[in-house]
Amino acid sequence: MAVKKENMENAPVSIVLKELYDLAKDERQQVTKKAVRDWLAKLKEVAYEVEDILDEWRTDAFRSQRDKDDIHFGKKVHPYLLFPCICFKKVESRHDTGHKIREITERLNKIPIEKSAFNFNEGNTWEGKSSSDIEQRQTGSLIDKTKIFVRDQDKESIVNELVCANGQEKPFSIVSIVGMGGLGKTTLTKLVCNDERVIKHFKKIIWVYVSDRFDLNQIAKKIILSMSGSSCENLDFDTLQHSLHEVVGKMQFLLVLDDVWNENHSEWEKLKVPLNGAAQGSRIVVTTRSRKVAEVMEATHIHNLGILSNLDCWKLFTYEAFKGREEEKYQELTEVGMEIVHKCKGVPLAVVTVGSLLRHEKKKLDWKFILESEIWEWKTPKDEGMLPSLLLSYYKLPLHLKPCFLFCSVFPKDHNIKKDELVKLWMAHGIIKSERAEIEEIGEKYFDDLLTRSLFQDAQEDDSGNIIQCKMHDLVHNLAKFVTSSAYCIKEIGNSNLCSDSSHHLSLLVNYDASIIPSLMCKRLRTLLLFGPSRIKEGMTVYSII
Ligand SMILES: Nc1ncnc2c1ncn2[C@@H]1O[C@H](COP(=O)(O)OP(=O)(O)OP(=O)(O)O)[C@@H](O)[C@H]1O
Ligand SMILES: [Mg+2]
């Protein structure tokens, strides 16, 4: 069958791309609905097949052009004269390609029909989320004094920062608490606000839950209401700014802006101008997952929140899981409980979520079941638990950083991700889009951006202070794996079924001689990374199978 180039390059690919583009607009369904995830995986598979066929087609065209040139310039006797079978092979290959295209076109035609079953709502991005989503995350300054709390050292450090004399001459200064989702930024801030020294030091403590909608009117209104006791509905922003300027000068206050995502400096300026009239020595505490937010707000002190110690995790866990039980009854659960806590990797949200899940499980067997269960990998998206909270970090990534982040799920957990290697991999996969020459610098900036958003951690610098490598927290790695589904795969060598057909990116953990790597069963493999002993080659060898 003769295959026309236009057939290859126009119709099918454009349909696939259009479908993918439409889906990108309905982000939450893509991530949380199993049927949609499966359908999307199918769609991606077709897109990859199209890419492969185009690749074969280009290679064929290149070869025949080269052969023609060779004959034209009399470089050699045409091989068809010597080996007619080569000529037949060529015809066969075209027939083969034509057959594949026909098959793929049929599959592509079904895609829009299948899609209509999902009832996609275009524009349903995280930005367009309902107010109930925000209400669910809403916070306030009150704490439940019957609960136990940890992080005494962090609390001391922030309280000292707030009540110390430094910066008293300025109208206000900003302390920002930065860390990944669920690390305890809000809880720590509550503990600070409820500390006697803080309560005594400030005439007023105002708590505003900001969320990812940096709504200046709402923030201004809440501050005015808190400071003056009068509500100011129906005022335009100019009047609000003046009222705000007036009230903040009356007394020294502590303003908490919890859960800030705004990285836009001009938005912050609009609030900052009236706040410049604040009574001297006032303070603002900003909690955020992004260091960039803290920098945009010109925080004078950035407190990078670390993970909890094992002991603190254990304290929190026992409180949640053993609440109301007699001590001798849970002795037999201690060992498996410690293993479960270890899996939480110092994130209080994980500790508290799993602890409360186990409160009603009384048998060791049930605890073991949870230890080995899929909740850690989030194979099944649920509305409760820690996944929705962490997913926010993914939803809030700008479009260009999403594939960069997801690609990192190809690395094994706890791996030191080297910046230059990762940037090269991104480039090889065409993930970094740029018309300009400095594509490598752009990749490096993307890497730094993921770090500032707390999706990377444990940054290491070279002698000149440049960041050269980072790690991903286990839960963040799970998050990336959850979103990418089976496209990324990590296997230890020794498994008979090395990787499933649907894997596009594969990491092999090699524990012994690399010469016995078995043949791979992946039709659409784009990346193969090897990790293992130094004799394989300085820890990592990268092969591109494209
Ligand atoms: N110091 C702590 N002591 C006791 N429990 C804690 C502590 N820190 C966090 N937690 C528990 O972990 C959960 C998550 O903490 P928190 O909401 O403060 O995290 P966060 O860093 O503000 O998350 P996000 O980025 O989603 O806003 C809380 O509900 C609380 O139960
Ligand atoms: Mg918070």
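Predicted model, so just to flag it, every value in this text is computed and none were measured.

1. Quick notes on the overall build of the protein chain
Moving on, step 1. When helices and strands are tallied, the protein chain shows 25 helices and twelve strands.
Moving on, step 2. Burial status across the protein chain gives 46% buried among its 546 residues.
Moving on, step 3. Intrachain contacts of the protein chain at a sequence separation of at least 6 include 68% that bridge at least 24 residues.
Moving on, step 4. Put simply, the protein chain shows about 28400 Å² of open surface, and 52% of that area lies on carbon and sulfur atoms.

2. Here's the deal with helix 17 (residues 334–343)
Moving on, step 1. Every buried residue of helix 17 is accounted for by Val-336, Gly-337, Ile-340 and Val-341. Take helix 17 and look down its axis: the buried residues cluster within an arc of 145 degrees, on one side only. Summarising the geometry of helix 17, the exposed residues directed more than 90 degrees from the buried face are Glu-335 and His-342.
Moving on, step 2. Against helix 15 (310–321), helix 18 (348–358) and helix 19 (364–372) lie the buried residues of helix 17.
Moving on, step 3. The positive-phi residue at the C-terminal boundary of helix 17 is Lys-345, with phi of around 50 degrees.

3. Examining the sheet that holds strand 5 (residues 301–304)
Moving on, step 1. Within the open sheet, the five strands sit side by side as 2-3-4-1-5. Their pairing is parallel. Single-partner strands in this sheet number two, and they are strand 2 (204–211) and strand 5. Mean inter-strand twist for the sheet, computed between neighbouring axes without regard to direction, equals 15 degrees.
Moving on, step 2. By the bridge criterion, seven bridges tie strand 2 to strand 3 (residues 253–260) in an arrangement that is parallel.

4. Digging into the site of ligand 1
Moving on, step 1. Neighbouring ligand 1 are 19 residues; Gly-182, Lys-185, Thr-186, Thr-187 and Arg-289 lie closest to it.
Moving on, step 2. One nitrogen or oxygen atom from the side chain of Arg-137 is found 3.2 Å from an oxygen atom belonging to ligand 1.
Moving on, step 3. At a separation of 3.0 Å, a nitrogen atom of ligand 1 approaches a polar backbone atom of Val-150.
Moving on, step 4. Alone, ligand 1 offers 630 Å² of accessible surface; in the complex the protein occludes 86% of this.
Moving on, step 5. Counting only elements with at least two residues in the shell around ligand 1, the list comes to helix 9 (185–193) and helix 18.

5. A closer look at the pairing of strand 8 (residues 467–471)
Moving on, step 1. By the bridge criterion, two bridges tie strand 6 (residues 417–418) to strand 8 in an arrangement that is antiparallel. Along strand 8, the bridge assignment pairs Lys-418 with Gln-469.
Moving on, step 2. When strand 7 (residues 457–461) meets strand 8, the two strands line up antiparallel, connected through three bridges. By the bridge assignment, Gln-457 is partnered in strand 8 with Lys-471.
Moving on, step 3. In this structure, the hairpin formed by strand 7 and strand 8 is closed by a connection of five residues, where Gly-465 is found at a positive phi of approximately 85 degrees.

6. A short note on the pattern of salt bridges
Moving on, step 1. Scanning all chains against the criterion turns up 20 salt bridges.
Moving on, step 2. Close ionic contact of Glu-263 with Arg-453 constitutes a salt bridge, the shortest N to O distance being 3.1 Å. Within this pair, whereas Glu-263 is found in the loop between strand 3 and helix 13 (265–275), its partner Arg-453 is found in the loop between helix 23 (439–452) and strand 7, the two being separated by 190 residues in sequence.
Moving on, step 3. With relative accessibility at 16%, the residue Arg-453 sits in the buried group.
Moving on, step 4. Between Lys-315 and Asp-312 there is a salt bridge, and its shortest N-O distance comes to 3.8 Å. With Lys-315 and Asp-312 both in helix 15, this residue pair falls three residues apart, about one helical turn.
Moving on, step 5. Taking the relative accessible area as the measure of exposure, Lys-315 reaches 42% and is therefore partly exposed.
Moving on, step 6. Residue classification places Asp-312 among the buried positions, given a relative accessible area of 18%.

7. Re the side chain of Thr-287
Moving on, step 1. Checked against the element boundaries, Thr-287 lands in strand 4 (residues 282–288).
Moving on, step 2. Contact partners of Thr-287, with chain neighbours within four places excluded, come to Ile-177, Lys-185, Thr-186, Thr-189, Leu-257, Asp-258, Asp-259 and Val-260.

8. A look at the side chain of Ser-176
Moving on, step 1. Relative to the helices and strands, Ser-176 is located in strand 1 (residues 172–178).
Moving on, step 2. The class of Ser-176 is buried, set by a relative accessible area of 1%.
Moving on, step 3. A polar contact is formed between the side chain of Ser-176 and the backbone oxygen of Val-286, at a distance of 3.2 Å.
Moving on, step 4. If sequence neighbours within four positions are ignored, Ser-176 has contacts with Val-286, Thr-288, Ala-294, Ala-299, His-301, Ile-302 and His-303.

9. As for empty space enclosed by the protein
Moving on, step 1. Inspection of every chain in the model, using the stated rule, returns three cavities of 30 Å³ or more.
Moving on, step 2. If you add up the space inside the largest cavity, you get close to 60 Å³.
Moving on, step 3. Taken together, Met-180, Gly-181, Arg-289, Leu-390, Ser-393, Arg-453, Ser-454, Leu-455, Leu-475, Val-476 and Leu-479 form the lining of the largest cavity.
Moving on, step 4. Of all the elements in the fold, those that place two or more residues in the lining of the largest cavity are helix 20 (387–395) and helix 24 (474–484).
Moving on, step 5. Top element by residues in the lining of the largest cavity is helix 24. It accounts for three residues.
Moving on, step 6. Here the lining of the largest cavity is built from residues that sort into six nonpolar, three polar and two charged.

10. Side note on a negative patch on the surface
Moving on, step 1. The grouping of Asp-420, Glu-421, Glu-440, Glu-441 and Glu-444 at the surface amounts to a negative patch.
Moving on, step 2. Sorting the residues of the negative patch by element identifies helix 22 (419–428) and helix 23 as the ones contributing at least two each.
Moving on, step 3. Broken down by element, the negative patch gets its largest block of residues, three residues, from helix 23.
Moving on, step 4. Tracing the sequence through the fold places Glu-440 in helix 23.

11. Some remarks on the pairing of strand 1
Moving on, step 1. For strand 1, a buried count of seven out of seven residues is recorded, marking the element as mostly surrounded by other parts of the structure.
Moving on, step 2. Bridge analysis of strand 1 against strand 4 gives seven bridges, and the strand direction is parallel. From the neighbouring strand, Ser-173 faces strand 4, where its bridge partner is Arg-283.
Moving on, step 3. Bridge count between strand 1 and strand 5: four bridges; the pairing is parallel. Across the sheet, residue Val-178 finds its bridge partner in strand 5, namely Asn-304.

12. Thoughts on the confidence of the model for the protein chain
Moving on, step 1. The pLDDT averaged across the protein chain works out to 80; a share of 76% of its residues lies at or above 70.
Moving on, step 2. Here residues 1–10 scores under 50 on pLDDT; set against residues more than four positions off or in separate chains, the count is 19 contacts.
Moving on, step 3. In the predicted structure, residues 537–546 sits below a pLDDT of 50 and forms 23 contacts with residues beyond four places in sequence or in another chain.

About the criteria used
- Residues numbered from 1 in each chain as written.
- Chains lettered and ligands numbered in written order.
- Predicted model: local features only at pLDDT ≥ 70, side-chain atom pairs only at ≥ 80, totals over all residues.
- Heavy atoms only, no water.
- Helix = DSSP H or I, 4+ residues; strand = E, 2+ residues; numbered from the N terminus.
- Buried < 20%, exposed > 50% of the residue type's maximum accessible area, 1.4 Å probe, protein only.
- Contact = heavy atoms within 4.5 Å.
- Areas by Shrake-Rupley, 256 points an atom, 1.4 Å probe, with all protein chains shown as cover.
- Arc of directions from axis to C-beta.
- Pairing = 2+ DSSP bridges.
- Axes fitted to C-alpha atoms, helices over the stretch in contact; angles between N-to-C directions.
- Near = heavy atom within 4 Å.
- Polar contact = N/O pair within 3.5 Å; in protein donor to acceptor, adjacent residues only side chain to side chain.
- Salt bridge = Lys/Arg side-chain N within 4 Å of Asp/Glu carboxyl O.
- 1 Å grid on protein atoms, 1.4 Å probe; cavity = no way out; pocket = protein on both sides within 12 Å on 5 of 7 lines; lining within 4 Å.
- Points joined across faces, edges and corners; volume = space filled by probe spheres on them.
- Nonpolar A, V, L, I, M, F, W, Y, C, P; charged D, E, K, R; others polar.
- Patch = residues over 30% accessible without salt bridge, like charges linked within 9 Å, V, L, I, M, F, W, Y side chains within 5 Å.
- Lys, Arg positive; Asp, Glu negative; His and termini not counted.
- Charge placed at Lys NZ, Arg CZ, Asp CG, Glu CD.
- pLDDT = per-residue confidence, 0-100.

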